[in-house]
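Reading the structure
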Amino acid sequence: MFPTDRPRRLRRNPAMRRLVAETSLQPRHLVLPMFVADGITEERPITSMPGVAQHTLDSLSTAVEQAVTAGVGGVMLFGVPKPEDKDGQGSLASDPNGILNRGLRRLREDFGDDTVIMADTCLDEFTDHGHCGVLASDGSVDNDATLVRYVDMAVAQAESGAHLLGPSGMMDGQIAAIRDGLDTAGFPDVGQLAYTAKYASAFYGPFREAVGSSLKGDRRTYQQDSANRREAVRELELDLAEGADMVMVKPAMSYLDILRDVANVSPVPVAAYQISGEYAMITAAAQNGWIDRDAAILESLVGIRRAGADIVLTYWATEVAGWL
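Residues numbered from 1 in each chain as written. Predicted model: local features only at pLDDT ≥ 70, side-chain atom pairs only at ≥ 80, totals over all residues. Heavy atoms only, no water.

1. Structural notes on the pairing of strand S7 (residues 191-198)
- Burial of S7 is extensive: 8 of the 8 residues sit out of reach of the surface.
- Examined bridge by bridge, strand S6 (residues 164-167) and S7 share 2 bridges and lie parallel to one another. Bridging from a neighbouring strand, Leu164 pairs with Gly191 of S7.
- Inspection of the sheet shows S7 paired to strand S8 (residues 246-250) by 4 bridges, in the parallel sense. In the strand pairing of S8, Lys198 is matched with Lys250. (Buried < 20%, exposed > 50% of the residue type's maximum accessible area, 1.4 Å probe, protein only. Helix = DSSP H or I, 4+ residues; strand = E, 2+ residues; numbered from the N terminus. Pairing = 2+ DSSP bridges.)

Printed below as a string of structure tokens:
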């Protein structure tokens, strides 16, 4: 008891704090989400995410080279087709000449196995209605018809060189369907980072601009309700049974309790996605002089790691890796 017990002894200087730190943040823990867009000749800034841009194939390769040099663990690639190329089936998602698959091929050609190349395996960027799946006649998302498209998309991404696929649509049975499709097509070594607990969130707003979303309405019939906690563990159990190699919680900062729940029981690596709204909030507050930008970024990332994430997807990945 005080005055003998003084916890402040272990906080007295930076060297001591570093020695006893319970949570570490290293470049290898970070994954950089990136956007490659069709029909542009130079980087196109995303206004709601200052510092983030849609890339051309050339600028994409340059940015990935910077990330690899900084030691970032991997990149997650999203495709942004031209609006006129979208359709109800998201056909370009499985077209070898679709922008996402062209981006994956470019990265695999340029970087081989020097970094982990991840692909967003979802239809929403490619559909004219903006939903993550195929629509039934009544306008609802047809789960089982969507699985067929996911398999087509997954095989195309594997053929294009992706090491890891990120099924993010929250369709029931998606991990099993994709696993079977990959194995049948001769890609047993291509893994899946399952978006296991993906919540319907207001913080996705800037991402809609980033991918040129065509969505009208919402995705609450397939993404999880923010009021639910136990449901995330059920989703985890199903994804593991279906063959997920890694799992994810998204968003991160508003769902740290979910992240801890998943990390406590997951036998596979756990990722968390620091999403566009989280990035935008910190950036905007810092630009207004209300918070210390760099300190807030680091604190947010350490908090996500402390809650149980082995891997953190963040738009600051390259910059933060340079600090570390």
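2. Topic: a positive patch on the surface
- On the surface, a cluster of positive charge is contributed by Arg6, Arg8, Arg9 and Arg11.
- Looking at the secondary structure, you find Arg11 in the segment before helix H1 (14-20). (Patch = residues over 30% accessible without salt bridge, like charges linked within 9 Å, V, L, I, M, F, W, Y side chains within 5 Å. Areas by Shrake-Rupley, 256 points an atom, 1.4 Å probe, with all protein chains shown as cover. Salt bridge = Lys/Arg side-chain N within 4 Å of Asp/Glu carboxyl O. Lys, Arg positive; Asp, Glu negative; His and termini not counted. Charge placed at Lys NZ, Arg CZ, Asp CG, Glu CD.)

3. Structural notes on the pattern of salt bridges
- Tallied over the entire structure, the rule returns 11 salt bridges.
- Across the pair Arg102 and Asp38 runs a salt bridge whose closest N-O atoms are separated by 3.5 Å. One end of the pair, Arg102, is in helix H3 (residues 99-111); the other, Asp38, is in the loop between strand S1 (30-37) and strand S2 (44-45), with 64 residues separating them in the sequence.
- We note a salt bridge from Arg108 to Asp113, for which the minimum N-O separation is 3.1 Å.
- Connected through salt bridges with shared partners, the residues Asp58, Arg106 and Asp110 form a single ionic network.

4. Re the packing of helix H2 (residues 57-70) against H3
- Contact geometry for H2 and H3: axes closest at 10 Å, N-to-C directions at 45°. Taken together, the axes of H2 and H3 are oblique relative to one another. The handedness of the crossing between H2 and H3 is right-handed. Taking contact as the criterion, the partners of Leu57, Asp58, Leu60, Ser61, Val64, Glu65 and Val68 in H2 are, on H3, Ile99, Arg102, Gly103, Arg106, Leu107, Asp110 and Phe111.
- Looking at the contact of H2 with H3 residue by residue, the class counts come to 7 nonpolar, 2 polar and 5 charged. (Axes fitted to C-alpha atoms, helices over the stretch in contact; angles between N-to-C directions. Parallel < 35°, antiparallel > 145°, perpendicular 65-115°, else oblique. Left-handed = near helix turned anticlockwise from the far one by under 90°. Contact = heavy atoms within 4.5 Å. Nonpolar A, V, L, I, M, F, W, Y, C, P; charged D, E, K, R; others polar.)

5. Re a nonpolar patch on the surface
- A cluster of nonpolar side chains, Leu10, Leu19 and Val20, forms an exposed patch at the surface whose accessible area comes to about 290 Å².
- Summarising the element assignment, Val20 is placed in helix H1.
- Overall, the relative accessible area of 36% leaves Val20 in the partly exposed class.

6. Re the nonpolar core
- Core analysis: the largest hydrophobic core is formed by 95 residues, its most contacted members being Phe35 and Tyr273.
- Leaving out residues up to four positions away in the same chain, Phe35 has contacts with Ile46, Val52, Ala53, Gln54, His55, Phe78, Val80, Phe207, Ala210, Val211 and Tyr315. (Core = buried A, V, L, I, M, F, W, Y, C linked by side-chain atoms within 4.5 Å.)

7. Remarks on the packing of helix H4 (residues 143-160) against helix H5 (residues 174-184)
- At a minimum axis separation of 9 Å, H4 and H5 run at an interaxial angle of 45°. For the element pair H4 / H5, the angle class is oblique. Viewed along their axes, H4 and H5 form a crossing whose handedness is right-handed. For the pair formed by H4 and H5, the contact residues are Leu147, Tyr150, Val151, Ala154, Val155 and Ala158 on the first element and Gln174, Ala177, Ile178, Gly181 and Leu182 on the second.
- When its residues are assigned to classes, the contact of H4 with H5 shows 9 nonpolar, 2 polar and no charged.

8. A word on unusual backbone geometry
- A cis amide bond, omega 15°, links Phe2 with the succeeding residue Pro3.
- Structurally, the position occupied by Pro3 is in the segment before H1.
- Cis peptide bonds are those with omega within 30 degrees of zero, and the linkage from Lys250 to Pro251 qualifies with -5°.
- Within the secondary structure layout, Pro251 lies in the loop between S8 and helix H8 (256-265).

9. Observations regarding H4
- Taking 1.5 Å of rise per residue, the 18 residues of H4 would be expected to cover 26 Å, and the 25 Å separating its terminal C-alpha atoms lies within 8% of that figure.
- All of the buried residues in H4 are Asn143, Thr146, Leu147, Arg149, Tyr150, Met153, Ala154, Val155, Ala156, Gln157, Ala158 and Ser160.
- Its side-chain oxygen placed 3.3 Å from the backbone nitrogen of Asp144, Asp142 serves as the N-cap of H4.
- Taken from the residues just after H4, Gly161 is the one with a positive phi, measuring 115°. (Expected span 1.5 Å × (residues − 1). Polar contact = N/O pair within 3.5 Å; in protein donor to acceptor, adjacent residues only side chain to side chain.)

10. Comments concerning the packing of aromatic side chains
- Per the counting criterion, the structure on display carries 8 aromatic pairs.
- Look at Phe35 and Tyr315: their rings are 6.1 Å apart centre to centre, the planes differ by 15°, and that puts the pair in the stacked class. Note that Phe35 is positioned in strand S1 and Tyr315 in the loop between strand S10 (311-313) and helix H11 (317-323), a separation of 280 residues in sequence. An identical accessibility class is assigned to Phe35 and Tyr315; each is buried.
- Aromatic pair Phe78 and Phe207: ring centres 5.2 Å apart, planes at 75°, arrangement edge-to-face. (Phe/Tyr/Trp six-rings, centres within 6.5 Å; stacked < 30°, edge-to-face > 60°.)

11. Overview of helix H10 (residues 293-306)
- For H10, spanning 14 residues, the distance from its first C-alpha to its last is 20 Å, which sits close to the expected 20 Å at 1.5 Å a residue.
- Residues of H10 that are buried include every one of Ala296, Ile297, Ser300, Leu301, Gly303, Ile304 and Arg305, and no others.
- On the buried face of H10, the contacting elements are H8, strand S9 (270-273), helix H9 (276-287), S10 and H11.
- Put simply, Asp292 is the residue that caps the front of H10, since its side-chain oxygen is 3.3 Å from the backbone nitrogen of Asp294.
- Just past H10, the residue Gly308 takes up positive phi, approximately 130°.

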